[in-house]
Amino acid sequence: MPLLEVSDLRVSYGKALAIESVSIKVDKGELIGVLGPNGAGKTTLLKAISRSIPSQGTLTFKGQSLDGVAPYDVVARGICHCPEGRKLFSELSVLKNLQLGAYLRKNNAEINADLERVFTLFPVLRERQWQQSSTLSGGEQQMVAIGRALMGRPELLLLDEPSVGIAPRLKGLIFDAIQQIRKDGTAILIVEQDATSTLRITDRVYVLEHGRTIREGTAKDLAGDEYIRQVYLGV
Ligand SMILES: Nc1ncnc2c1ncn2[C@@H]1O[C@H](COP(=O)(O)OP(=O)(O)OP(=O)(O)O)[C@@H](O)[C@H]1O
Ligand SMILES: [Mg+2]
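Predicted model, so just to flag it, every value in this text is computed and none were measured.

Caption draft 1: Highlighting the overall build of the protein. What the protein contains, in helices and strands, is 10 helices and 10 strands. Here the C-alpha atoms of the protein give a radius of gyration of 17 Å, agreeing with the 18 Å that 2.2 N^0.38 yields for 235 residues. Judged by the C-alpha coordinates and their principal axes, the protein covers about 45 × 40 × 35 Å. The 235 residues of the protein split such that 51% are buried.

Following this line, the structure appears as structure tokens:
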């Protein structure tokens, strides 16, 4: 049984169809990429999975339907969403933002262990934990956003464009951290514009254009696909 199964997903904003038909699977512990140009429906896909917006089609997680499940209950079931544009509580400290990621949890020992895990993954956040999050660099804020999602202790982490607008050095740190999170056993569905880095770190990739899946395959196969090379890799 796949961890996440999305079948024939369809999402509209009013009359505008954003996702026409998308089907994807994520198995336990996999690192899966979603590529596609602006407006392809990538963010919409992640929002539908975390139930932030309504959709048609089937969504199942660990064999159970996510139909009618509230967003906080999706988190409780093990899916945490690190949204596009980070969406931090900018006037709050780094630590407070991280703690808010654990708002549904009660076991303080586990919460502290996970905070320690975030600080090990992103040591700069330990140093900056008392700082107001709006004063961090863009890359550091992205680390807080990923850390906050990890504080929900997900089995599946949804990442929406974690590398966008970030200095190259921090971007490398973020992609390294994503690989480490997966090694620690968390499955990841990552949406990205950086096709080269995505194909380097993922197991399999789906390519969305105009709300439809136009390619899917192993990262290795897609890296050798003529269309993907020309349009997404520019080689
Ligand atoms: N709240 C909204 N209301 C109306 N239309 C929307 C809304 N959000 C997204 N759309 C439209 O849905 C389509 C898919 O948008 P989406 O944000 O999912 O694309 P994306 O692949 O994430 O793009 P980007 O790479 O720019 O983030 C676009 O045509 C967009 O204009
Ligand atoms: Mg988007």
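Caption draft 2: Spotlight on the pairing of strand E3 (residues 31-35). E3 sits mainly inside the fold: 5 of its 5 residues count as buried. Where E3 and strand E8 (residues 187-192) come together, 5 bridges link them in parallel fashion. Pairing of Gly33 across the sheet is with Ile190, part of E8. Pairing of E3 with strand E9 (residues 204-209), which is carried by 4 bridges, proceeds in the parallel orientation. Paired with Ile32 across the two strands is Arg204, which belongs to E9.

Caption draft 3: Geometry of the site of ligand 1. The immediate surroundings of ligand 1 are formed by 13 residues, with Lys42, Thr43, Thr44, Glu84 and Gln193 found nearest. Between an oxygen atom of ligand 1 and a main-chain N or O atom of Gly39, the distance comes to 2.8 Å. Contact with the protein chains covers 59% of the free accessible surface of ligand 1, which is 630 Å². Of the residues forming the shell around ligand 1, the biggest block, 3 residues, is contributed by helix H1 (residues 42-49). Each residue belonging to the shell around ligand 1 can be placed in one class, and the counts come to 4 nonpolar, 6 polar and 3 charged.

Caption draft 4: Broad picture of the packing of aromatic side chains. A full pass over the atoms with the stated rule returns 1 aromatic pair. Between Tyr227 and Tyr232, the aromatic rings sit 6.4 Å apart at their centres with planes inclined by 65 degrees, giving edge-to-face as the arrangement. With relative accessibility at 16%, the residue Tyr232 sits in the buried group.

Caption draft 5: Summary view of the coordination of the magnesium ion (ligand 2). Looking at the magnesium ion (ligand 2), the protein donor atoms are Thr43 (OG1) and Glu84 (OE), and they sit 1.9 to 2.5 Å from it. Highlighted residues: Thr43 in helix H1 and Glu84 in the loop between strand E6 (79-82) and helix H3 (94-100), separated in sequence by 41 residues. With relative accessibility at 17%, the residue Thr43 sits in the buried group. By relative accessible area, Glu84 is classed as partly exposed at 35%.

Caption draft 6: Molecular detail of the nonpolar core. Core analysis: the largest hydrophobic core is formed by 36 residues, its most contacted members being Leu98, Phe122, Leu125, Ile146, Leu159, Ile178 and Ile188. Contributing elements (two or more residues each) for this core: E6, H3, helix H4 (108-121), helix H5 (123-127), helix H6 (138-150), strand E7 (156-160), helix H7 (168-183) and E8. Other than its neighbours up to four places away in sequence, Ile188 contacts Glu30, Leu31, Ile32, Leu156, Leu157, Leu159, Ile178, Ile181 and Arg182. Formed by 30 residues, the second largest nonpolar core is a distinct cluster that contains Val34, Ala40, Ile79 and Leu158.

Caption draft 7: Spatial organisation of the state of the cysteines. Counted by the stated rule, this structure contains 0 disulfides. The structure places no disulfide on Cys80, whose sulfur is separated from the nearest cysteine sulfur, that of Cys82, by 10 Å. Residue classification places Cys80 among the buried residues on the basis of a relative accessible area of 5%.

Caption draft 8: Layout of the UniProt feature "domain: ABC transporter" (unreviewed entry) in the protein. The sites that carry the UniProt feature "domain: ABC transporter" (unreviewed entry) are, in the present numbering, residues 4-235. When the span residues 4-235 is considered, its composition is 39% helix and 27% strand, and the gap between its end C-alpha atoms is 33 Å.

Caption draft 9: The arrangement of the pairing of strand E10 (residues 212-218) in detail. Here 6 bridges tie E9 to E10, and the two strands are oriented antiparallel to one another. Bridge pairing in E10 places Glu209 opposite Arg212. Hairpin connection of E9 to E10: 2 residues between the antiparallel strands, including His210 at a positive phi of 50 degrees.

Rules used in this analysis
One numbering rule holds for all chains: residues counted from 1, following each sequence as written. Chains carry letters and ligands carry numbers; both start at the beginning, A for chains and 1 for ligands, and go up in the order they are written. Per-residue local features of the predicted model are confined to residues with pLDDT of at least 70, and side-chain atom pairs are confined, for both listing and counting, to 80 or more; whole-chain, interface and lining totals are unaffected and use all residues. As a rule here, side-chain values come from all non-hydrogen atoms in the structure, and water together with hydrogens is ignored. Going along the chain from the N terminus, every DSSP run of H or I of four or more residues is numbered as a helix, and every run of E of two or more is numbered as a strand. Our radius of gyration looks at C-alpha atoms and nothing else; its globule reference is 2.2 Å times the residue count to the power 0.38. Each residue gets one of three labels from its accessible area relative to the maximum for its type: buried under 20%, exposed over 50%, partly exposed in between, using a 1.4 Å probe on protein chains only. Here, a strand pair is defined by DSSP locating no fewer than two bridges between the strands. A single heavy atom is enough: if one lies within 4 Å of a molecule or strand, its residue is considered near that molecule or strand. Counting of polar contacts relies on pairs of N or O atoms within 3.5 Å, with two restrictions inside protein: one atom must be capable of donating a hydrogen and the other of accepting it, and residues adjacent in sequence are counted only when both atoms are side-chain atoms. Shrake-Rupley sampling with a 1.4 Å probe provides the accessible areas, and residues are treated as covered by the protein chains on show and by no other component. Each residue gets one label: Ala, Val, Leu, Ile, Met, Phe, Trp, Tyr, Cys and Pro are nonpolar, Asp, Glu, Lys and Arg are charged, and the others, such as Gly, are polar. Pairing of aromatic side chains here covers Phe, Tyr and the six-membered ring of Trp, requires ring centres within 6.5 Å, and sorts the geometry by plane angle: under 30 degrees stacked, over 60 edge-to-face, intermediate tilted. Metal sites are built from N, O and S donor atoms within 2.8 Å, or 3.2 Å for Na, K and Ca, and they leave out water, so they may look incomplete. Note on terminology: a nonpolar core comprises buried Ala, Val, Leu, Ile, Met, Phe, Trp, Tyr and Cys residues joined through side-chain atoms within 4.5 Å. The criterion used for residue contact is that any of the two residues' heavy atoms lie within 4.5 Å. Disulfides are defined in this document as cysteine sulfur pairs within 2.5 Å. UniProt positions are given in the numbering used here, feature names are shortened, and annotations may be inferred rather than shown by experiment.

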